[in-house]
Amino acid sequence: VQEEKIFAGKVLRLHVCTMEGAEWLEEVPEDTTVEKLKERCLKHCVPGSLEDPKTVTHHKLIHATSEKVLTDTKTVLEENIQDRDVLLLIKKRAPTLLPKMAEVVAEEKRKQEQKAPDKDAILKATANLPARSVDRTVTHHNMRDFQTELRKILVSLIEVAQKLLALNPDAVELFKKANAMLDEDEEDRVDEIALRQLTEMGFPESRAVKALRLNHMSVTQAMEWLIEHADDPSVDAPLPGQAPAEAPAEGAASSAEAAAGPSSEEGGEEAKDELTEIFKKIRRKREFRPDPRAVIALMEMGFDEKEVVDALRVNNNQQNAACEWLLGDRKPSPEDLDKGIDTNSPLFQAILENPVVQLGLTNPKTLLAFEDMLENPLNSTQWMNDPETGPVMLQISRIFQTLNRT
């Protein structure tokens with residue numbers, strides 16, 4: 001008996017398949033190399049193929065279960081092939097042909113033609129053009145931001161509205177009603193669009209109403225309040241002072257009667273003084289409320305609280321814009337917010353000449369809207385959707401956009 005037969009390894013029966021559908025059993029010792037196994041398979045399915053030495057290297061064996069490509073230099077045992085395993089014999093894909101030199105040159109030429117000109121090419125092409133200086137400050141001014149300019153417009157329009165409404169004989173009575181309207185806004189009235197947005201998010205209507213009243217009808221701030229107080233046991237408790245809503249109205253009525261009591265000359269002076277006081281009360285009620293989350297986030301960056309509040313006020317409670325303002329030149333300053341627009345500018349003249357704006361300035365509610373937007377920019381959407389103040393705001397926006405494009 002030959003020695004190699006005595007110490008021969010275990011014989012494995014392997015099921016071999018090809019992509020063309022041929023199948024057969026191949027019996028090989030476990031110490032057979034994958035390359036030898038591949039040669040036997042090729043002799044079986046492609047007779048005469050071994051005359052070309054490249055045939056073996058152009059094929060590969062794949063273990064069907066593990067989807068592993070078998071290495072030619074390893075044995076069947078080293079590849080952990082078991083009896084009755086299935087192997088797949090396939091031909092390797094032909095390598096991608098390298099492009100011809102002419103094709104490479106043509107592709108580079110096409111890319112160069114589509115490439116944008118560099119600085120030198122631009123200077124060469126424009127060398128014969130006449131030089132023209134451009135005032136960058138004027139260009140930047142023409143691209144001014146509407147929100148920043150709107151504040152100036154509102155400041156000046158408030159002054160005009162106050163003068164127009166003061167000429168009305170019933171001015172004191174009108175503004176007492178307007179003052180009561182502010183209280184009503186805080187206690188009873190709710191912006192229906194804002195309320196619908198919150199209820200569609202899944203918040204209970206009663207909580208949404210309370211959140212809107214506490215946050216000046218701002219949907220964003222109300223939503224944050226609802227999330228923060230979701231587990232608060234007193235979240236559904238009514239607001240303090242909400243029930244006795246008739247007392248202020250009676251007080252306002254009695255003060256209106258007292259104002260109407262004196263003679264015409266004294267009444268005129270007292271009415272003017274009282275009107276001034278009412279204007280001050282309206283302004284005090286519309287105080288700017290910074291976003292508490294933005295305040296905390298910016299203070300954690302190392303900024304002082306007053307600086308943070310100023311930044312949020314200048315940038316309409318937008319945290320990212322406020323951060324850029326704090327890190328930049330801090331323009332405009334908080335003091336600039338109280339400055340009105342140039343009353344002789346074409347923009348302001350065009351606004352005042354608009355019939356819709358003229359009619360709106362005689363409505364006390366328009367003045368209240370201007371005051372509210374000045375101190376709480378997030379409430380702009382509420383007034384834009386209001387049937388009385390919305391058309392006025394729309395005309396102001398259209399006039400600004402038209403003149404800004406010219």
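Because the structure is a prediction, the values reported are computed rather than measured.

Asker: Is there a simple way to explain helix α19 (residues 364–375) in this structure?
Answerer: At 3.6 residues per turn, the α-helix brings residues three or four places apart onto the same side. For α19, which comprises 12 residues, the first-to-last C-alpha distance of 17 Å matches the rise-based estimate of 16 Å (1.5 Å per residue) to within 8%. Among the 12 residues in α19, 12 count as buried, and that is most of the element. Looking only at α19, the buried set comprises Pro364, Lys365, Thr366, Leu367, Leu368, Ala369, Phe370, Glu371, Asp372, Met373, Leu374 and Glu375. One side-chain oxygen of the residue at the start of α19 lies 3.0 Å from the amide nitrogen of Lys365, identifying that residue as Asn363.

Asker: Help me understand the confidence of the model for the protein in this model?
Answerer: Close inspection of predicted coordinates is inappropriate for parts of the model with low pLDDT. Looking at the protein as a whole, its pLDDT mean stands at 76, while 73% of the residues score no less than 70. Counted against residues more than four places away or in other chains, residues 134–144, with its pLDDT under 50, gives six contacts. Low pLDDT, under 50, characterises residues 243–267; the stretch is placed with 12 contacts to residues that sit more than four places away or in other chains.

Asker: I'm lost on a nonpolar patch on the surface in this one. Help?
Answerer: On the surface, a cluster of nonpolar side chains totalling about 290 Å² of accessible area is made up of Met101, Val104 and Val105. For Val104, the location among the structural elements is in helix α4 (residues 101–114). Under the relative-accessibility criterion, Val104 is labelled partly exposed at 34%.

Asker: Please clarify how the sheet that holds strand β1 (residues 11–18) should be interpreted in this entry.
Answerer: Strand pairs in the sheet, formed through backbone hydrogen bonds, run parallel or antiparallel to each other. The strand order across the open sheet formed by five strands is β2-β1-β5-β3-β4, and the pairing between neighbours is mixed. Two strands lie at the open edges of the sheet, namely β2 (23–29) and β4 (68–69), each paired on one side alone. In this sheet, strand β5 (residues 86–91) lies alongside strand β3 (residues 59–63) in antiparallel orientation, the contact comprising five bridges. Each bridged residue has a counterpart across the sheet, and for His63 the counterpart in β5 is Leu87. The sheet contacts of helix α2 (residues 34–45) involve β1, β2, β3 and β5, and relative to β2 the element is tilted by about 145°.

Asker: Please clarify how the nonpolar core should be interpreted in this entry.
Answerer: General note: in soluble globular proteins, nonpolar side chains tend to be found buried as a group. Counting residues in each nonpolar core, the largest one holds 26 residues, and the members touching the most others are Ile153, Leu157, Leu347, Ile351, Phe370, Met373 and Ile396. Of all elements in the fold, only α7 (146–166), α17 (346–353), α18 (355–361), α19 and α21 (390–405) reach the threshold of two or more residues within this core. Ranked by the residues each element gives to this core, the list is headed by α7, at nine residues. Not counting residues up to four positions away in its chain, the partners in contact with Leu157 are Phe348, Ile351, Leu352, Leu361, Phe370 and Ile396. Residues Leu14, Val28, Val34 and Leu61 belong to the second largest nonpolar core, which totals 16 residues.

Asker: I tried to follow the packing of helix α10 (residues 205–214) against helix α11 (residues 219–228) on my own but got confused; where do I start?
Answerer: The angle between the axes and the distance between the axes are what describe a pair of packed helices. Between α10 and α11, the shortest axis-to-axis distance is 8 Å and the interhelical angle comes to 120°. Relative to α11, the element α10 is oriented oblique. Here α10 runs over α11; the crossing is right-handed. On the side of α10, the interface is formed by Arg207, Ala208, Lys210, Ala211, Leu212 and Leu214, while α11 contributes Val219, Ala222, Trp225 and Leu226. When grouped by side-chain class, the residues that make up the contact of α10 with α11 number eight nonpolar, no polar and two charged.

Calculation criteria
- Residues numbered from 1 in each chain as written.
- Predicted model: local features only at pLDDT ≥ 70, side-chain atom pairs only at ≥ 80, totals over all residues.
- Heavy atoms only, no water.
- Helix = DSSP H or I, 4+ residues; strand = E, 2+ residues; numbered from the N terminus.
- Expected span 1.5 Å × (residues − 1).
- Buried < 20%, exposed > 50% of the residue type's maximum accessible area, 1.4 Å probe, protein only.
- Polar contact = N/O pair within 3.5 Å; in protein donor to acceptor, adjacent residues only side chain to side chain.
- pLDDT = per-residue confidence, 0-100.
- Contact = heavy atoms within 4.5 Å.
- Patch = residues over 30% accessible without salt bridge, like charges linked within 9 Å, V, L, I, M, F, W, Y side chains within 5 Å.
- Areas by Shrake-Rupley, 256 points an atom, 1.4 Å probe, with all protein chains shown as cover.
- Salt bridge = Lys/Arg side-chain N within 4 Å of Asp/Glu carboxyl O.
- Pairing = 2+ DSSP bridges.
- Axes fitted to C-alpha atoms, helices over the stretch in contact; angles between N-to-C directions.
- Core = buried A, V, L, I, M, F, W, Y, C linked by side-chain atoms within 4.5 Å.
- Parallel < 35°, antiparallel > 145°, perpendicular 65-115°, else oblique.
- Left-handed = near helix turned anticlockwise from the far one by under 90°.
- Nonpolar A, V, L, I, M, F, W, Y, C, P; charged D, E, K, R; others polar.

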